[in-house]
Amino acid sequence: MPPRPSHLYQAEAPYDRARLAQFLDGRARGAGIDRRTLLRLAAAATATAPLGALATAPAAAADPAPGIVKPLPADVFTVRGTNAETRFAALAGTGHLTPAGHFFVRNHTRTPRIDAATWQLTVHGDGLTGGPLRLGLDELRALPAVTRTAFLECAGNGRSHFATQQGQQVSGTAWTLGAIGQARWRGARLFDVLRRAGLRPDAVDVLPRGLDDEVVTDGVPLGRVRRPLPVAKALDDVILAYEMNGEPLPPDHGHPVRLLVPGWTGVSSIKWLGDIEVSTQPLCTPWNTDLYRLFGPGHPEEGSAPLTRQTLKSAFELDVDAPLPAGRITVLTGRSWSGAAPVRRVEVSTDGGHRWHRALLRDTPARNRWVRWSFPHLPRHRGPAELLARATDTTGRTQPPNTQGYLFDAVVRHRVQIV
Ligand SMILES: Nc1nc2c(c(=O)[nH]1)N[C@H]1C(S)=C(S)[C@@H](COP(=O)(O)O)O[C@H]1N2
Ligand SMILES: [Mo]
């Protein structure tokens, strides 16, 4: 069977849905998880929450080091288990690219220390014309280098607002809006690596896997973090990044090499890349069957449509309950982004959503990138107030005042104190 035309695979959701259906009726190869375990995990997910997100064991309460190597100053990060969320207030003035010292970290286990000098990538599988290909970092660097500026966002970003704002119970890391960062990534094209390895015309899936520890959830070993990509996406715009903002990739972000899959949910961008399997059969792993999929009332037993490209969001570069002086102009700043298309317009409301005003966009809108914006605000009355921001992208899609969905996209009511 020849690879299907590329446009069929540009969307993550239909691809994952097809794989799940094939997996459930035994036409796909599931690496590391069988159907019974899958359904057991699915049932567990149903019991706790409509979100099929991975709940990793939190780091021991007394452990000050959640397995992250870089410093996590409290004015920049909020530590959530093995993860660190960027505080949006700390992004004010940081520019279009997020400095590595401010970039959020999502670790299923802990950051491994990998020696770039001895690191090797192995490309293997029945989807290759020959045997395995092994590449060291120098060989990877010898391939043509490309640079892409793109945001990277966790599928669960904004999750806590389901509960705090919308009264919906969900499981998983309680991110506010800071599980996103944007960087200039530089590396080799996965296209070139696969061509070098010799791709068979009937290869369908590419499965990158990290070198970090195995993940165990509720006593079930899930193996190392890995999530298949359709060959067409792999050949399209995916890179094996070894630089972030002009520096070697830092340990927490995948040193020495990570995958960067523009526009797709963060989990696709496998860090600490160790091997890539290329397969002529559809592949399934917990990360495209059980995790990152929706379970619960109103969804089929095997789970709903999987999570798709990232949604629209907006965030103020302010802490919750930030003090703003009454009778003086404060220039409010923030950022908006959409996984679907460039952001076209951002509006701000300072009266709880009755009147909306255009914010000034400070970046040229572009695909897979956020825009910074600003809005001068003159608060008059002392006391608590709510600031709202909503974005519209070039497809015309806008942030709803409320949502039934799972990829959080509603307007957030950001409370401040007028003093
Ligand atoms: N090997 C490996 N890759 C991984 C992960 C991981 O835990 N291990 N986490 C994924 C998830 S869920 C996200 S959102 C992004 C986070 O990337 P960052 O930590 O560089 O911000 O990495 C993805 N790649
Ligand atoms: Mo994620």
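A brief look at the structure comes next. Please read these numbers as outputs of a predicted model, since none were measured by experiment.

Secondary structure assignment for the chain yields seven helices and 27 strands. Burial statistics for the chain: of 419 residues in total, 56% are counted as buried. Here the analysis covers contacts within the chain between residues at least 6 apart in sequence; of these, 73% occur between residues at least 24 apart. Of the accessible surface of the chain, which amounts to about 16,800 Å², a share of 53% is contributed by carbon and sulfur atoms.

Attention shifts here to the sheet that holds strand S5 (residues 120-124). Sheet architecture is open: five strands sit in the order S6-S5-S16-S9-S12, paired in mixed fashion. Two strands in the sheet have a free side with no partner beyond their single neighbour: strand S6 (133-136) and strand S12 (229-230). One ladder, built from six bridges, connects strand S9 (residues 205-210) with strand S16 (residues 273-279); its direction is antiparallel. Residue pairing in the sheet places Arg209 in a bridge with Asp275 of S16. Here helix H5 (residues 190-197) sits on the sheet and contacts S5, S6, S9 and S16; the angle it forms with S6, its principal contact strand, is near 135°.

The next point concerns the site of ligand 1. Around ligand 1, a shell composed of 20 residues is seen, among which Phe104, His108, Asp212, Arg258 and Lys271 lie nearest. At 2.7 Å from an oxygen atom of ligand 1 is found a side-chain nitrogen or oxygen belonging to His108. Within the side chain of Arg258, an N or O atom sits 2.7 Å from an oxygen atom of ligand 1. Relative to its free-state accessible area of 530 Å², ligand 1 is covered by the protein chains to the extent of 100%. In a pocket analysis with a 2 Å cut-off to the grid points, ligand 1 is assigned to the largest cavity. Here the shell around ligand 1 is built from residues that sort into ten nonpolar, six polar and four charged.

So, about a nonpolar patch on the surface. A cluster of nonpolar side chains, namely Ile329, Val331 and Leu378, defines an oily patch on the protein surface of about 280 Å² accessible area. Looking at the element boundaries, Leu378 is found in the loop between strand S25 (371-377) and strand S26 (383-393). Note on Leu378: relative accessible area 35%, which makes it partly exposed.

How each quantity is defined
- Sequence order as written defines residue numbering, which begins from 1 separately in each chain.
- Chain A is the first chain written and ligand 1 is the first ligand written, with later ones labelled in order.
- Side-chain atom pairs in this predicted model are given and counted only at pLDDT of 80 or more, local residue features only at pLDDT of at least 70, and totals for whole chains, interfaces and linings cover all residues.
- The basis for the side-chain values is all heavy atoms of the structure; hydrogens and waters are excluded.
- Under the DSSP-based scheme used, a helix requires at least four consecutive residues in state H or I and a strand at least two consecutive residues in state E, with every element numbered from the N terminus.
- Note on exposure labels: buried denotes an accessible area under 20% of the residue type's maximum, exposed denotes more than 50%, and partly exposed covers the range between, all computed with a 1.4 Å probe on protein chains only.
- We call two residues in contact when some of their heavy atoms are within 4.5 Å.
- Residue burial considers only the protein chains on display, and all accessible areas are found by Shrake-Rupley using a 1.4 Å probe.
- Pairing between strands requires that DSSP locate at least two bridges from one strand to the other.
- Angular values range over 0 to 180 degrees, each being the angle between N-to-C directions of two axes fitted as lines to C-alpha atoms, with helices fitted over their stretch in contact.
- Throughout, the term near means that a residue has one or more heavy atoms lying within 4 Å of the molecule or strand in question.
- Distance and chemistry together define a polar contact, namely a pair of N or O atoms within 3.5 Å, with one atom able to donate a hydrogen and the other to accept it when in protein, and with adjacent residues in sequence counting only for side-chain atoms on both sides.
- We place a 1 Å grid over just the protein atoms. Points where a 1.4 Å probe fits but has no way out form a cavity, open points with protein on both sides within 12 Å along at least 5 of 7 lines form a pocket, and any residue with an atom within 4 Å of a point lines it.
- Criterion for pocket placement: a molecule counts as inside a cavity or pocket if more than half of its atoms are within 2 Å of its grid points.
- Only Asp, Glu, Lys and Arg are considered charged in this grouping, and only Ala, Val, Leu, Ile, Met, Phe, Trp, Tyr, Cys and Pro are considered nonpolar; every other residue, Gly among them, is considered polar.
- Each patch is assembled from residues with relative accessible area greater than 30% and no salt bridge, linking like charges that lie within 9 Å and nonpolar side chains (Val, Leu, Ile, Met, Phe, Trp, Tyr) that lie within 5 Å.
- Here a salt bridge means any side-chain nitrogen of Lys or Arg lying within 4 Å of a carboxyl oxygen belonging to Asp or Glu.

Worth remembering: the numbers are spatial, not functional.
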